[in-house]
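Summary of the model geometry
This is what each chain is made of:
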Amino acid sequence: MAVSVLIPGALRVDAAGESKVSLDLPDGGVLRDVLDGLAANHPRIDRRLRDEKGGLRRYVNIYVDGEECRRAGGLDTPVMEGSEVQILPSVAGG
Amino acid sequence: MTYLLAIGTGKGLFLATSQDRRNWEVSTPYFAVSGVYAVGIDTRRSTPRLLVSADSAHYGPSVYLSDDLGKNWDESHDTAPIAFPPDTDATFKRAWQFAFGPEEDVVYAGSEPWALWRSEDRGRTYELNRPLWDHPHRAEWNEGAGGPAIHTIVPHPTDPANMLIAMSTGGVYTTTDGGRNWTASNTGVKAEFFPGDRQYPEFGQCVHKVSRDSQVAERLFLQNHGGVYRSDDNGATWNDIAPGLPTDFGFSILAHPKRGNVAYNAPVAFSDNRFPVDGTLRVHRTEDGGANWTAHDVLDEPYYGIVLRDALSTDSAEQPGIYVGTRVGDVFVSTDDGDSYEKVVGHLPDVLCVRAAEV
């Protein structure tokens with residue numbers, strides 16, 4: 001299935017400058033599979049999004065088809081053919 | 001000659017350069033909105049290398065390198081420079097210290113959570129020191145207010161097997177076999193936050209910083225959470241040198257890079273009143289190993305920014321610069337061994353660390 005990932009400006013340097021990355025994943029996947037697919041080609045982005053235990057960094061929000069993943073199933077949030085995954089920095093800093 | 005001053009702040013890194021240490025050109029921030037708790041300037045090769053620990057508020061921590069004095073930063077490898085192995089069940093929060101020993105291209109990093117890392121490729125990739133990670137004392141180390149960090153690494157200048165590290169809390173640990181075994185080394189160092197009969201434990205002290213004498217390798221100066229000490233036996237025992245200071249509390253201590261028995265200290269009023277003594281920014285200097293100290297005003301006006309543990313540093317030049325950074329975003333330099341100070345830059349975010357070198 002085809003899934004697209006929208007990359008925020010600050011991370012595009014780690015995605016060859018792309019604002020949108022298209023992935024072809026097996027059917028029936030979840031958000032974790034999307035991030036794994038992203039990491040396969042862009043490992044530095046993965047380090048920005050997840051720690052070495054695989055946990056999503058606290059001030060990164062990832063929306064799956066418009067729903068923030070923590071309000072859905074977290075990294076187990078299902079994705080479907082045509083899903084759009086958007087990465088956004090949350091509110092942090094001071 | 002160009003002097004490079006790297007200033008790590010709570011919101012990014014600033015680089016200042018000068019030909020004379022009077023007139024400085026200061027950059028705009030690198031790694032904006034990232035805490036820069038540790039900077040290293042490795043001058044052992046002809047091309048200086050900058051190492052920076054930057055932890056982004058959004059996108060987490062990493063270690064970055066620059067071989068062109070900050071024009072370009074490299075973190076291009078596919079695996080994280082510092083990452084805890086899966087079996088540790090830990091995640092890297094930040095590096096608190098970089099240190100360079102006598103082995104060419106070897107870099108050490110101290111991290112939060114408490115860990116020591118060794119790099120053999122000049123700071124690009126690091127391996128966890130397992131004996132310290134697996135130390136039986138680990139379960140009894142306690143997190144200080146700054147975080148559970150190994151913030152101090154003091155290599156021996158000639159013996160690569162010999163090293164001292166310090167943490168808050170836990171205290172000083174030393175190795176004499178290249179990191180295979182680590183021994184708590186806090187004899188004489190007080191832990192004032194324990195009950196009376198337990199104030200001199202084997203370990204558990206909140207040591208804030210240790211600096212090695214430039215002429216006698218076995219001589220060390222230590223700023224504790226309550227207590228200032230000198231060791232003449234490579235950390236095996238510690239003796240009180242605080243009586244000549246206005247207080248025994250503070251975060252920073254620095255040995256002069258060229259003169260033995262000379263050290264600098266920036267006292268803080270006390271643990272419950274963390275401001276400069278008398279609301280005046282002063283750096284105290286000893287020239288006799290701590291028996292006597294003289295106070296030198298950095299600024300002749302009321303001042304309430306203290307000097308954190310890595311914000312007192314030197315460029316190790318022939319006539320060294322002594323650099324003082326404060327929590328209210330000012331950096332000062334002395335080029336007369338600490339008799340007087342001039343401002344390098346002001347109004348930065350809170351200064352967490354400064355490092356300087358001739359480049």
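For clarity, every value in this text was computed on a predicted model and none was experimentally measured.

Calculation notes
Residues numbered from 1 in each chain as written. Chains lettered and ligands numbered in written order. Predicted model: local features only at pLDDT ≥ 70, side-chain atom pairs only at ≥ 80, totals over all residues. Helix = DSSP H or I, 4+ residues; strand = E, 2+ residues; numbered from the N terminus. Rg over C-alpha atoms; globule rule 2.2 N^0.38 Å. Buried ≥ 20, exposed ≤ 12 C-beta atoms within 10 Å, placed from the backbone. Contact = placed C-beta atoms within 7 Å. Nonpolar A, V, L, I, M, F, W, Y, C, P; charged D, E, K, R; others polar. Pairing = 2+ DSSP bridges. Core = buried A, V, L, I, M, F, W, Y, C linked by C-beta atoms within 7 Å. pLDDT = per-residue confidence, 0-100. Arc of directions from axis to C-beta.

1. Concerning the overall build of chain A
The number of helices and strands found in chain A is two helices and five strands. Since a compact globule built from 94 residues should have a radius of gyration of about 12 Å, the 12 Å found for chain A is in line with a globular shape. Seen through its C-alpha atoms, chain A measures out along the principal axes to roughly 40 × 30 × 25 Å. For chain A, the proportion of its 94 residues judged to be buried stands at 28%. Across chain A, contacts joining residues at least 24 apart in sequence account for 53% of those joining residues at least 6 apart.

2. A short note on the overall build of chain B
Tallying secondary structure elements over chain B gives one helix and 28 strands in all. Taken against the 2.2 N^0.38 rule, which gives 21 Å for 359 residues, the C-alpha radius of gyration of chain B at 19 Å falls within 12% of a compact globule. With the C-alpha coordinates aligned to their principal axes, the bounding extent of chain B is approximately 55 × 50 × 35 Å. Here chain B holds 359 residues, and the buried ones make up 52% of them.

3. Brief notes about the interface of chain A and chain B
Each side of the interface is counted separately: chain A has 14 residues, and chain B has 13 residues. For the side of chain A that touches chain B, the element with the most residues is helix α2 (residues 43–49) of chain A, which contributes four residues. Among the residues forming the side of chain A that touches chain B, the class breakdown is five nonpolar, two polar and seven charged.

4. Quick word on the pairing of strand β3 (residues 60–64) of chain A
All names here are of chain A. Only one face of β3 is covered, namely the one carrying Val-60, Ile-62 and Val-64; the face carrying Asn-61 and Tyr-63 has none of its residues buried. In this sheet, strand β5 (residues 84–89) lies alongside β3 in antiparallel orientation, the contact comprising five bridges. Bridge pairing in β5 links Val-60 to Pro-89. Relative to strand β4 (residues 67–68), β3 runs antiparallel, the two sharing two bridges. Following the sheet pairing, Tyr-63 is matched in β4 by Glu-68. Hairpin remark: β3 followed by β4, antiparallel, with two residues in the connecting loop; positive phi at Asp-65, about 50°.

5. Notes on the sheet that holds strand β10 (residues 127–128) of chain B
Two strands in a sheet stick together by hydrogen bonds in their backbones, pointing the same way (parallel) or opposite ways (antiparallel). Pairing in this open sheet of four strands is antiparallel, and the strands run β7-β8-β9-β10 (chain B) from one edge to the other. Of all the strands in the sheet, just β7 (94–100) and β10 of chain B have a single pairing partner and so form its edges.

6. Remarks on the sheet that holds strand β3 (residues 25–26) of chain B
All names here are of chain B. If you trace the four strands from one edge of the open sheet to the other, you get β3-β2-β1-β28, paired in antiparallel fashion. In this open sheet, the two edge strands, each paired with only one partner strand, are β3 and β28 (351–358). Relative to β28, strand β1 (residues 3–9) is paired through seven bridges, and the arrangement is antiparallel. Paired with Ile-7 across the strands is Val-354, a residue of β28.

7. Things to note about the nonpolar core
Counting residues in hydrophobic clusters, the biggest one holds 101 residues, and the most contacted among them are Leu5(B), Ala6(B), Ile7(B), Leu13(B), Leu222(B), Val324(B) and Val354(B). Sequence-distant contacts of Ala6(B), that is, excluding residues within four places in its chain, are made with Leu13(B), Leu15(B), Val39(B), Ile41(B), Leu50(B), Val354(B) and Arg355(B). Membership of the second largest hydrophobic core comes to 19 residues, among which are Val21(A), Leu31(A), Ile62(A) and Cys69(A).

8. With respect to the confidence of the model for chain A
Here chain A shows a mean pLDDT of 95. Residues at 70 or above account for 100%. Per-element confidence in chain A is highest for strand β1 (residues 2–6) of chain A, whose mean pLDDT is 98, and lowest for α2(A), whose mean pLDDT is 95.

9. Some words on helix α1 (residues 31–41) of chain A
The α-helix advances 3.6 residues per turn, and as a result positions three or four apart in sequence lie on the same side. Residues and elements named next belong to chain A. Among the residues of α1, those classed as buried are Leu-31, Val-34, Leu-35 and Leu-38. Axial view of α1: buried residues confined to an arc of 95°, hence all on one face. The inward-facing, buried residues of α1 abut β1, β2 (20–24), α2, β3 and β5.

10. Quick look at the pairing of β5(A)
Residues and elements named next belong to chain A. Only one face of β5 is covered, namely the one carrying Val-85, Ile-87 and Pro-89; the face carrying Glu-84, Gln-86 and Leu-88 has none of its residues buried. Where β1 and β5 come together, three bridges link them in parallel fashion. When the bridges of β5 are listed, Ser-4 appears paired with Glu-84.

11. Topic: unusual backbone geometry
Residue and element names in this part refer to chain B. The omega angle of the peptide bond from Glu-112 to Pro-113 is 0°, so this bond is cis rather than trans. If you trace the backbone, Pro-113 turns up in the loop between β8 (107–112) and β9 (115–119). The step from Ser-168 to Thr-169 runs through a cis peptide bond, and the omega angle for that step is -15°. With respect to the helices and strands, the residue Thr-169 is situated in the loop between β12 (163–168) and β13 (171–175). Located in the positive-phi region is Asp-105, a residue other than glycine, with phi close to 75°. Inspection of the secondary structure assignment puts Asp-105 in the loop between β7 and β8. The backbone of Ser-316 shows a phi angle near 60°, a positive value even though the residue is not glycine. As for its placement among the helices and strands, Ser-316 is situated in the loop between β24 (312–314) and β25 (322–325).

12. Comments concerning the environment of Leu348(B)
Residues and elements named next belong to chain B. Mapped onto the elements of the fold, Leu-348 is located in the loop between β27 (342–345) and β28. The exposure class assigned to Leu-348 is buried, which follows from the 21 C-beta atoms found within 10 Å. Sequence separation between Leu-348 and Gly-8 is 340 residues, and the spatial gap between their C-alpha atoms is 9.9 Å. What Leu-348 contacts, discounting residues up to four positions off in sequence, is Ile-7, Thr-9, Phe-14 and Gly-329.

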